[in-house]
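Structural overview
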Amino acid sequence: MINVTNEMLIDVVSDALAGKRESLLMRLRVMAKKLKKESPELANKLESLLLHTSGAVAVERAQPLIPKAAPVDADSRQKLLVETYPVVIDVEPVWPSKTDVQLNRFVIEWEMKERLYKEGLHPSRSLLMGGPPGVGKTLAAKWLASKLDMPLLTLDLASVMSSYLGKTGNNIKAVLNYASSFPCVLLLDEFDAIAKKRDDATDVGELKRLVTVLLQAIDEWPNTSVLIAATNHSELLDPAAWRRFDRVIDFDYPTKDLIQKYLISKDIGDNLAGYISARLDKVSYAVIERAINQAKRNSIIENSPLSSSLIDELLEGESIEDVIRTMLAENVAQRKISRDLGIPRTQVSKFVKTEDEGNE
Ligand SMILES: Nc1ncnc2c1ncn2[C@@H]1O[C@H](COP(=O)(O)OP(=O)(O)OP(=O)(O)O)[C@@H](O)[C@H]1O
Ligand SMILES: [Mg+2]
């Protein structure tokens, strides 16, 4: 499995040509990390180059202008937003083809915005992303910010909601004003926090004003920035809020095919990936990712094959023997089984022998 993708290479070249030094350095660091496994020597060379280059030659940069005065909470003086630039993604997102088309179309609209302006149109400015936890909403926001080469500003609405709604309103207004003052992607995470508040709000009037502020902000959003709202509960949203977004993208749990693709992208052999994905239902990428990381730790500590730890983590009540048995029944070659599961060939043939003896 090649870890450094063509897309990464293109990103690096285009950063280099555009003179985007910071972004280029970040991408090269990610690349060096990815190369570590398959070409350690190349990775080391790259790392040493990176080490010696910091602070050298001033390359002309087309850095976006990020204003210094990010909004803070009036009482605590804590920053309300998390700002990231450049946004670099070190995973290859696996989307269903419909989502892939929707996201790519969003980017193309921005790349061809001049054409749209000429026709009196503008690229999509606001995007509502709904779906269960851990299926890639935040990742999609990062991916868009990275493709559009804009800073990503994240506001967690659940954490900014204080019992004193007047203050919450002021904080949100400050964030919206700030984010619409320069080109950026603003991600309003947990967008339903406001809708949820409706049930227990003591001051209904104040809450209504807050919702109005938000709806107005979506209506008046400038052509220069992107507003993304993410929620686990789009069903809680007012139709008035829902219809204001230029685009709505629904995220869902990955299908078996996508899980298999995802596992393969994480260097899991294709037969094992197929075996595991066929047995998972309504599981998020976040859960699978955590299981892979745990399995890696277990396999080092217990000195066991990663495949066996992974089966333990993801498939309750199954063992590596079950997998070998199924693969043999599906006529997968012993050589392939041994490679996919990372176990010696002799272990597979020994297993076949014991099974045969058992059947006699
Ligand atoms: N489509 C995907 N392809 C590859 N990895 C993914 C994908 N979706 C999610 N992941 C991984 O799963 C983890 C959780 O994803 P993310 O934070 O985007 O979920 P989310 O939908 O925003 O969840 P929440 O609703 O809890 O905020 C991340 O580490 C991310 O890299
Ligand atoms: Mg998220």
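Criteria and cut-off values
- Residues numbered from 1 in each chain as written.
- Chains lettered and ligands numbered in written order.
- Predicted model: local features only at pLDDT ≥ 70, side-chain atom pairs only at ≥ 80, totals over all residues.
- Heavy atoms only, no water.
- UniProt positions renumbered as here; feature names shortened; annotations may be inferred.
- Pairing = 2+ DSSP bridges.
- Helix = DSSP H or I, 4+ residues; strand = E, 2+ residues; numbered from the N terminus.
- Axes fitted to C-alpha atoms, helices over the stretch in contact; angles between N-to-C directions.
- Phe/Tyr/Trp six-rings, centres within 6.5 Å; stacked < 30°, edge-to-face > 60°.
- Buried < 20%, exposed > 50% of the residue type's maximum accessible area, 1.4 Å probe, protein only.
- Lys NZ or Arg CZ within 6 Å of the ring centre and 35° of its normal.
- Near = heavy atom within 4 Å.
- Polar contact = N/O pair within 3.5 Å; in protein donor to acceptor, adjacent residues only side chain to side chain.
- Areas by Shrake-Rupley, 256 points an atom, 1.4 Å probe, with all protein chains shown as cover.
- Nonpolar A, V, L, I, M, F, W, Y, C, P; charged D, E, K, R; others polar.
- Domains from an automatic or database assignment.
- Expected span 1.5 Å × (residues − 1).
- Contact = heavy atoms within 4.5 Å.
- Salt bridge = Lys/Arg side-chain N within 4 Å of Asp/Glu carboxyl O.

The name recorded for the protein chain in an unreviewed UniProt entry is AAA family ATPase, from Silvania confinis. According to the UniProt record, the Sequence similarities (unreviewed entry) comment for the protein chain reads "Belongs to the AAA ATPase family."

**With respect to the sheet that holds strand S5 (residues 226-231)**
Judged by pairing direction, the sheet is mixed, and its six strands sit side by side in the order S1-S3-S4-S5-S2-S6 without closing on themselves. Strands at the two margins of the open sheet, each flanked by one partner only, are strand S1 (82-84) and strand S6 (247-250). Across the sheet, the axes of successive neighbouring strands diverge by a mean angle of 20°, strand direction being ignored. Sheet topology places strand S2 (residues 126-130) next to S5; five bridges connect them, and they run parallel. Note on S5: the bridge partner recorded for leucine 128 is alanine 229.

**Some details on the packing of aromatic side chains**
Think of a pair of aromatic rings as described by two things: how far the centres are apart, and how the planes are tilted against each other in angle. Counted according to the given criterion, the structure contains four aromatic pairs. Measuring from ring centre to ring centre gives 5.2 Å for tyrosine 178 and phenylalanine 182, while their planes differ by 65°; the resulting arrangement is edge-to-face. Here tyrosine 178 falls in the buried class, since its relative accessible area comes to 7%. According to the relative accessible area criterion, phenylalanine 182 is buried, its value standing at 4%. Taking the centre distance of 4.9 Å and the plane angle of 65° together, the rings of tyrosine 262 and tyrosine 285 count as edge-to-face. In this pair, tyrosine 262 sits in helix H12 (residues 256-265) while tyrosine 285 sits in helix H14 (residues 285-301), placing the two residues 23 residues apart along the sequence. Across the ring face of tyrosine 275, the terminal group of arginine 279 is positioned such that the distance to the ring centre comes to 3.6 Å.

**Observations regarding the site of ligand 1**
The full set close to ligand 1 counts 17 residues, and Val94, Gly134, Lys137, Thr138 and Glu289 are the nearest of them. At 2.7 Å, a backbone N or O of glycine 134 approaches an oxygen atom of ligand 1. Against a free-state accessible area of 630 Å², the protein chains account for coverage of 80% of ligand 1. Mapped by element, the contributors of at least two residues to the shell around ligand 1 are helix H6 (137-148) and H14. Classifying every residue of the shell around ligand 1 gives eleven nonpolar, four polar and two charged. Counting residues domain by domain, the shell around ligand 1 receives three or more from each of domain 2 (82-250) and domain 3 (256-359).

**Notes on H6**
With twelve residues, H6 ought to run about 16 Å at 1.5 Å a step, and its terminal C-alpha atoms sit 17 Å apart, in line with that. Burial in H6 covers these residues: Lys137, Ala140, Ala141, Trp143, Leu144, Ala145, Ser146 and Leu148. The secondary structure elements touched by the buried residues of H6 are helix H4 (97-111), S2, strand S3 (152-156), strand S4 (185-189) and S5. One or two positions beyond H6, positive phi appears at aspartate 149, with a value near 50°.

**Structural notes on the pattern of salt bridges**
Taken as a whole and judged by the stated rule, the model has 15 salt bridges. With a closest N to O distance of 2.7 Å, arginine 27 and aspartate 15 form a salt bridge. Remark: aspartate 15 occurs in helix H1 (residues 6-18) and arginine 27 occurs in helix H2 (residues 21-38); sequence separation between them is twelve residues. Just as arginine 27 is buried, aspartate 15 falls in that class too. The salt bridge partner of aspartate 73 is lysine 167, with a shortest N-O separation of 3.4 Å. Placement of the pair is aspartate 73 in the loop between helix H3 (40-53) and S1 and lysine 167 in helix H8 (residues 165-179), with a sequence separation of 94 residues.

**Structural notes on the domain arrangement of the protein chain**
One can read the domain layout of the protein chain as domain 1 (6-53), domain 2 (82-250) and domain 3 (256-359). On a C-alpha basis, the centroid separation for the pair domain 1 and domain 3 is 32 Å.

**Quick notes on the pairing of S3**
Most of S3 is tucked away: four of the five residues are buried. Of the pairings in the sheet, the one linking S1 to S3 comprises three bridges and is antiparallel in character. Of the residues in S3, the one forming a bridge with glutamate 83 is leucine 153. Relative to S4, S3 runs parallel, the two sharing five bridges. The residue bridging threonine 154 from the neighbouring strand is leucine 187, located in S4.

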